[in-house]
Amino acid sequence: MLTAVTVAGAGIHLRGQAFFQDGPKELVDEVWQIINNRYVDGTFNQVDWQEVRQDYLGRKYTSDQEAYGAIREMLKQLNDPYTRFMDPEEFKNMQIDTSGELTGVGIQITIDEETNRLVVVAPIEDSPAFEAGIQARDFIIKIDGQDTAGMDSNDAVKLIRGPIDSQVVLTILRGQEEIDFPIQRQRIEIHPVRYSYRQEGLGNDIGYIRLTQFSAPAAEEMREAIDDLESQGVSGYILDLRSNPGGLLYSSVAIARMWLPGREAIVSTVNRQGETERQRANNRSLTDKPLVVLVDGGSASASEILSGALQDNERAVIVGTKTFGKGLVQSVQPLAHGSGLAVTIAKYLTPNGRDINKLGIEPDVIVELTEDQQNHLVKHRDQIGTKSDPQYAEALKVLTQEIAQQ
């Protein structure tokens, strides 16, 4: 189960194992030092970070658990839901979550910055949560009856996870309505790419590719899909990134390179000292056929990097609704005794300098779904990506025009 945006948010970088093997106080100081040296906001959310160090190192710690509590308390002052401490169990789960095989209900959650509530970024397609009807931007107000007000995502993860075949009840606030969703936990093996060759009766055969997550296998599966569809002679492509909560940075860059023909910019990484890295295409695109990309409010992180790069380079027409708006880079640092720290070290800008985290990606063609249309597609999943899906139908119309113009 992907249970925090930082778990599989684009831009996770795994760093080398820490050398600290000392006591709890040294662990607190190591976390403070990492934040002091690498955190994206040099004002530390207007907090006197030196004073914080004096406060927390002036305390006595008799166990790792006391240090863990102090670290979480210290990090809360940054008011950044993506910068978080993970105890050994949580850190192990995070490493599992980026591998492409998950155990749980299959949702990615974060803390909504405006309401401070737990919010669903997106359910993973075909996961128990997806099949139960959980939707992007649902607020989780209770887990098995326990109120989530003030709960951080780490604690929510612990409550939502559990043995395979056991049940968890998520109480969702959707608009003004509270709904209970009983969900059975399962092992979820993710193949992030699905594709099909389609004869849509318009004189043009197209390739439809649905990418559900930027996990480790995503780039290789995308390459296979494009190669196969090219061999079948498609005239254009629809790439569906709806409800794709993101994943690994290198996957999004590798996939962008499959569509961009030259040395175009893909994404810039900006830390508190300025731009540190700019990823570019490598003259190795797999196709130059017209492309339409579908996005929605559940398209986050790596989805926004990819769609932003294709939009800014005028390589694709973006169709759907505004994306989630998660453009922060987390570095994941192993710490003593198996614990770990995810720290926001930078933010992402599109090639034209747009701040993904603040703005999201605005589609070129906006197609809103009514609540009835959303519910219909949740109940009839086989119609997602067909002419019965209004956003797909519009994407097909746009693609047909693009093919005709080319």
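Reading guide: rules and limits
Residues numbered from 1 in each chain as written. Predicted model: local features only at pLDDT ≥ 70, side-chain atom pairs only at ≥ 80, totals over all residues. Heavy atoms only, no water. Salt bridge = Lys/Arg side-chain N within 4 Å of Asp/Glu carboxyl O. Helix = DSSP H or I, 4+ residues; strand = E, 2+ residues; numbered from the N terminus. Buried < 20%, exposed > 50% of the residue type's maximum accessible area, 1.4 Å probe, protein only. Pairing = 2+ DSSP bridges. Right-handed = clockwise from strand over helix to strand, strands pointing away.

(A) View of the pattern of salt bridges. Considering all chains together, one arrives at 16 salt bridges under this definition. Of the charged contacts, one joins Glu 90 and Lys 158 as a salt bridge, the two residues approaching to 3.5 Å between their closest N and O atoms. Placement of Glu 90 in helix α5 (residues 88-97) and of Lys 158 in helix α7 (residues 153-160) is noted, with a sequence separation of 68 residues between them. The exposure class of Glu 90 is buried, given its relative accessible area of 7%. A residue is classified by how much of its surface remains accessible, and Lys 158, at 40% relative accessible area, is partly exposed. For Asp 312, the salt bridge goes to Arg 354, with nearest N and O atoms at 2.6 Å. A residue pair is termed long-range when its members are at least 10 positions apart, and Asp 312 in helix α10 (residues 302-312) and Arg 354 in the loop between β19 (340-349) and α11 (356-359) qualify at 42 residues. A single salt-bridge network, built from bridges that share partners, covers Arg 72, Asp 87, Glu 90 and Lys 158.

(B) Spotlight on the pairing of strand β13 (residues 236-240). Among the five residues that make up β13, five are buried, leaving the element largely enclosed by the rest of the structure. Alternating positions in β13 separate into two faces, Gly 236, Ile 238 and Asp 240 on one and Tyr 237 and Leu 239 on the other, with burial throughout. As defined by bridge partners, strand β12 (residues 205-211) adjoins β13 across five bridges and the pair is classed as parallel. Residue Arg 210 lies in a different strand from β13, and its bridge partner there is Asp 240. Remark: the β12/helix α8 (residues 218-231)/β13 crossover connection has right-handed handedness. The pairing of β13 with strand β16 (residues 291-295) spans four bridges and is parallel. Looking at β16, one finds that Tyr 237 is bridged to Leu 291.

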